[in-house]
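# Results of the structural survey
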Amino acid sequence: MADDAMKVWTKAGVALAAAGALAAATPLANAATHAVIVAAAQAGEGGEGGEGARAKPADDPLAGVDPDLAFATRLGQIRGHLRAAGELVAAGDFTDAMPHVDHPVEEIYADLEADLARLKAEPFEDRLKALKSALETRDKAAFAVTLGLARDGVTAAEKALPAARDALAFSLRHGLLLLKSAVPEYQEAIRDGKIVNAVAYQDARGFVQEADVVLSGAMTAFEARDAQAAGDVKRALLALKQAFPTVTPPAAPVKSPGAVMGLSSLVELAVSPHTGN
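Summarised in this report is the structure supplied together with it. (Residues numbered from 1 in each chain as written. Predicted model: local features only at pLDDT ≥ 70, side-chain atom pairs only at ≥ 80, totals over all residues. Heavy atoms only, no water.)

## Quick word on the overall build of the chain
Scanning the chain from N- to C-terminus turns up 13 helices and two strands. Across the 277 residues that make up the chain, the buried fraction comes to 49%. Excluding contacts between residues fewer than 6 apart, the proportion of contacts in the chain whose partners are at least 24 apart in sequence is 75%. If you sum the accessible surface of the chain, you get close to 12600 Å²; carbon and sulfur atoms cover 55% of it. (Helix = DSSP H or I, 4+ residues; strand = E, 2+ residues; numbered from the N terminus. Buried < 20%, exposed > 50% of the residue type's maximum accessible area, 1.4 Å probe, protein only. Contact = heavy atoms within 4.5 Å. Areas by Shrake-Rupley, 256 points an atom, 1.4 Å probe, with all protein chains shown as cover.)

## Thoughts on helix α5 (residues 94-108)
Compared with an ideal rise of 1.5 Å per residue, which puts 15 residues at 21 Å, α5 spans 21 Å between its outermost C-alpha atoms and is within 8% of the ideal. Along α5, the sharpest kink reaches roughly 35°, centred on aspartate 102 and followed within four residues by the proline proline 104. Along α5, the positions that sit buried rather than exposed are Phe94, Ala97, Met98, His100, Val101, Asp102, His103, Pro104 and Ile108. Looking at the buried residues of α5, the elements they touch are α4 (67-90), α7 (125-137), α8 (140-159) and α10 (198-217). (Expected span 1.5 Å × (residues − 1). Bend = angle between axes of the 7 residues up to and from the residue.)

## A word on the packing of aromatic side chains
Applying the stated criterion across every chain yields a total of three aromatic pairs. Between tyrosine 109 and phenylalanine 124, the ring centres sit 5.2 Å apart and the planes meet at 85°, which makes this aromatic pair edge-to-face. In this pair, tyrosine 109 is assigned in the loop between α5 and α6 (113-118) and phenylalanine 124 in the loop between α6 and α7, connecting sequence segments 15 residues apart. Judged on exposure class, the residue tyrosine 109 and its partner phenylalanine 124 are both buried. With a centroid separation of 5.3 Å and 70° between ring planes, the pair formed by tyrosine 186 and phenylalanine 244 is classed as edge-to-face. (Phe/Tyr/Trp six-rings, centres within 6.5 Å; stacked < 30°, edge-to-face > 60°.)

## With respect to the pattern of salt bridges
Applying the stated criterion across every chain, the model contains 13 salt bridges. Of the charged contacts in the structure, one is a salt bridge between arginine 205 and glutamate 87, with a shortest N-O distance of 2.9 Å. With a gap of 118 residues between them, arginine 205 in helix α10 and glutamate 87 in helix α4 connect regions that are remote in the sequence. Put simply, lysine 129 and glutamate 125 hold a salt bridge, and the shortest N to O gap is 3.6 Å. (Salt bridge = Lys/Arg side-chain N within 4 Å of Asp/Glu carboxyl O.)

## Topic: unusual backbone geometry
Positive phi, close to 60°, is recorded for arginine 138, a residue that is not glycine. By secondary structure assignment, the location of arginine 138 is in the loop between α7 and α8. In this structure arginine 138 comes out as partly exposed when scored by relative accessible area, which is 48%. With phi around 50°, aspartate 192 is a residue other than glycine that occupies positive phi space. The class for aspartate 192 is exposed, based on a relative accessible area of 56%.

## A look at the environment of proline 253
Checked against the element boundaries, proline 253 lands in the loop between α12 (227-241) and α13 (257-271). Separated by 60 residues in sequence, proline 253 and glycine 193 place their C-alpha atoms 7.0 Å apart. Aside from chain neighbours lying at most four places away, what touches proline 253 is Tyr186, Ile190, Gly193, Lys194 and Ile195.

## Overview of α12
Taking 1.5 Å as the rise per residue, α12 with 15 residues should run 21 Å; its terminal C-alpha atoms sit 21 Å apart, in good agreement. Listed as buried for α12 are Ala229, Ala230, Gly231, Asp232, Val233, Ala236, Leu237, Ala239 and Leu240.

## Concerning the packing of helix α9 (residues 167-189) against α13
Between two packed helices, both the angle of their axes relative to each other and the distance between the axes serve to describe the pair. Running from amino to carboxyl end, α9 crosses α13 at an angle of 165°, the nearest separation of the two axes being 9 Å. Between α9 and α13, the interaxial angle falls into the category roughly antiparallel. Here the hand of the crossing between α9 and α13 comes out left-handed. Contacts from Leu172, Leu176, Leu179, Lys180, Val183, Tyr186 and Gln187 of α9 reach α13 at Pro257, Val260, Met261, Ser264, Val267, Glu268 and Val271. Considering only residue class, the contact of α9 with α13 consists of 10 nonpolar, two polar and two charged. (Axes fitted to C-alpha atoms, helices over the stretch in contact; angles between N-to-C directions. Parallel < 35°, antiparallel > 145°, perpendicular 65-115°, else oblique. Left-handed = near helix turned anticlockwise from the far one by under 90°. Nonpolar A, V, L, I, M, F, W, Y, C, P; charged D, E, K, R; others polar.)

## Quick notes on the nonpolar core
With 38 residues, the main nonpolar core has Leu179, Tyr186, Phe222, Val233 and Val267 as its most contacted residues. Those elements giving two or more residues to this core turn out to be α9, α10, α11 (219-225), α12 and α13. When residues of this core are assigned to their parent elements, the largest contribution, nine residues, is made by α9. Among the nonpolar cores identified, the runner-up in size contains 29 residues, and Phe71, Ala97, Leu147 and Ala150 belong to it. (Core = buried A, V, L, I, M, F, W, Y, C linked by side-chain atoms within 4.5 Å.)

## Digging into the packing of α7 against α8
Interaxial distance between α7 and α8 falls to 9 Å at its minimum, and their mutual angle equals 165°. Compared by their axis directions, α7 and α8 come out roughly antiparallel. Note that α7 runs across α8; the crossing there is left-handed. Residue-level inspection shows Arg127, Leu128, Ala130, Leu131, Ala134 and Leu135 of α7 in contact with α8, the latter providing Ala142, Phe143, Thr146, Leu147, Leu149, Ala150, Asp152 and Gly153.

Structure follows, in structure tokens:
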């Protein structure tokens, strides 16, 4: 019991420290969670970014995570990158799309290879490399075809995952891990109240969008198990998505890094009783 209580209060402390003026913008059904946000609103967020707000968490969100969950989350991160690349190419921005095609190969795929072999899933690195080649031609039609093939590769890898014993708990943890992956990206994007790193902003946006897909897909089952917590998650996701109105960063941040971190922590508070953590 003491360990469980410590986990809850640690998470509450993160939300309290980071949530800032979220109470008015994000009314939550859970009274205890709402109290955390009210206290944070009274305390304030300590300015508009700066080095303190941009500090990255020391630990990798996927360190020590169940291998299947880590695999699913990395695939979700690739989906987030591909989503950003697709939107940017549709807008004619081939240059800014390139990092989102590069990162899946350069930063993520190597961590998938052992699990692809373990799960007997088809490798899809060649599809990601073909996507980069298509992007370099600046041919929207060719890019669209190869983007579809790359997404199909991700889907096939996802289907190789064994069925989880508790499908709802798996989906809730999967969505939460994607949100926690978005937080340091958003912190990196902002300095002194300005968006200075468009790629990091777009990374965070893609990860939040993919988290929304995962958590929304689990919402019917979650509402049946805990309607109040599910409502809190839905409201927090709505507020999170407001931080990313367009794939091209807005002139000024819609929400501070502290607010985004706080909302992610609130999702964690809501789902944790149902994930075994």
